[in-house]
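# Observations on the three-dimensional arrangement
Chain by chain, the residues run as shown.
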Amino acid sequence: MGAFAPDYLVIAIEVNELRLRSPEKWDSYTNLIFDVKTRIKQSYPDLKISESISLHNLYEPEVSDPQTYIGDIVDYMNQNDFVAISFYPFLKNLSSKTEFQEALDFLHSQAVPPIAFVETAHIAENLVIPNLNVSIPGNENEQNVYLETLLENADTQAYEFIIWWTHRDYDALWETFPEEVKDLGQLWRDTGLLDENGMERAAFSVWKGNYQK
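Below: a short report on this structure. (Residues numbered from 1 in each chain as written. Predicted model: local features only at pLDDT ≥ 70, side-chain atom pairs only at ≥ 80, totals over all residues. Heavy atoms only, no water.)

## Side note on the overall build of the protein
Looking only at helices and strands, the protein features 8 helices and 7 strands. The C-alpha atoms of the protein give a radius of gyration of 18 Å, which matches the 17 Å a tight globule of 213 residues would have. Dimensions along the principal axes, computed over C-alpha positions, put the protein at roughly 45 × 40 × 35 Å. When burial is assessed residue by residue, the protein has 46% of its 213 residues classed as buried. Restricting the contact set of the protein to residue pairs at least 6 apart, pairs at least 24 apart contribute 73%. When the accessible surface of the protein is totalled, it reaches about 11400 Å², and 51% of it is carbon and sulfur. (Helix = DSSP H or I, 4+ residues; strand = E, 2+ residues; numbered from the N terminus. Rg over C-alpha atoms; globule rule 2.2 N^0.38 Å. Buried < 20%, exposed > 50% of the residue type's maximum accessible area, 1.4 Å probe, protein only. Contact = heavy atoms within 4.5 Å. Areas by Shrake-Rupley, 256 points an atom, 1.4 Å probe, with all protein chains shown as cover.)

Given below as structure tokens:
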């Protein structure tokens, strides 16, 4: 920690996934992470610490008791120094500016601490994975609309920061993946601001223009 002197620390990733898939482990996890964060704060009192939440599995969740689940996660995320968000709209089948904005409005209505998008992206090509029964249409324009919408909200809602994942399509890397993880790895393969050949997509110009403001 001392070597990098970070301003922010995301100590765990998409923790609501644990609450969704293994709810019996949730209390043990929260007790453990509370102890870890307390110890870190003793040494680094000014460090902003959070655990990321997947917005695509918090907004309109497909669970038997959504109100309880949302309430539990919102209460938990609001105890952090900042609300760390992971958001891949295509995993929720969101594809229009209206749909993107509705999900973000939901987040804004629930979050108390400042918001940071610690990982986000949107597909720029069709996503078809037969083994996972996945077929989601996507294109460069849709990706660009999502990024524009996100950046507009970053200004109006004063987000701490945004991290786009990934900068460039990783087709070449994906080819080296073991067969047992290739299907899973394909989910985010075509979300780059640059395509697999390094060619700029429309969203790259938007990102670059905003960065240079």
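Having seen the model, we can carry on.
## Structural notes on the nonpolar core
One finds Leu58, Ile85, Phe87, Leu107 and Phe117 to be the most contacted residues of the largest nonpolar core, which totals 48 residues. Ranked by residues supplied to this core, first place goes to helix α3 (residues 66-77) with 6 residues. Residues contacting Leu107, with those up to four places away along its chain left out, are Leu55, Met77, Val83, Ile85, Ile115 and Phe117. (Core = buried A, V, L, I, M, F, W, Y, C linked by side-chain atoms within 4.5 Å.)

## Overview of the sheet that holds strand β7 (residues 162-164)
Across the sheet, which stays open at both edges, the 5 strands sit in the order β1-β2-β3-β4-β7 with parallel pairing between neighbours. Whereas interior strands pair on both sides, the edge strands pair on one side only; in this sheet they are β1 (8-12) and β7. The mean angle between the axes of side-by-side strands here comes to 30 degrees, regardless of whether they run parallel or antiparallel. Both strand β3 (residues 83-87) and strand β4 (residues 115-120) contribute to a ladder of 5 bridges, which runs parallel. (Pairing = 2+ DSSP bridges. Axes fitted to C-alpha atoms, helices over the stretch in contact; angles between N-to-C directions.)

## Overview of the environment of Thr176
Topologically, Thr176 is positioned in the loop between α6 (171-174) and α7 (179-186). Judged by its relative accessible area of 57%, Thr176 falls in the exposed class. From its side chain, Thr176 meets the backbone oxygen of Leu173 in a polar contact 2.6 Å long. (Polar contact = N/O pair within 3.5 Å; in protein donor to acceptor, adjacent residues only side chain to side chain.)

## Brief notes about the pattern of salt bridges
Tallied over the full model, the rule gives 13 salt bridges. Ionic pairing is found between Asp72 and Arg19, a salt bridge with its closest N-O pair at 2.8 Å. Highlighted residues: Asp72 in helix α3 and Arg19 in helix α1 (residues 16-21), separated in sequence by 53 residues. Classification of Asp72 as partly exposed rests on a relative accessible area of 33%. Linking Asp81 and Lys41 is a salt bridge whose minimum nitrogen-to-oxygen distance equals 2.7 Å. (Salt bridge = Lys/Arg side-chain N within 4 Å of Asp/Glu carboxyl O.)

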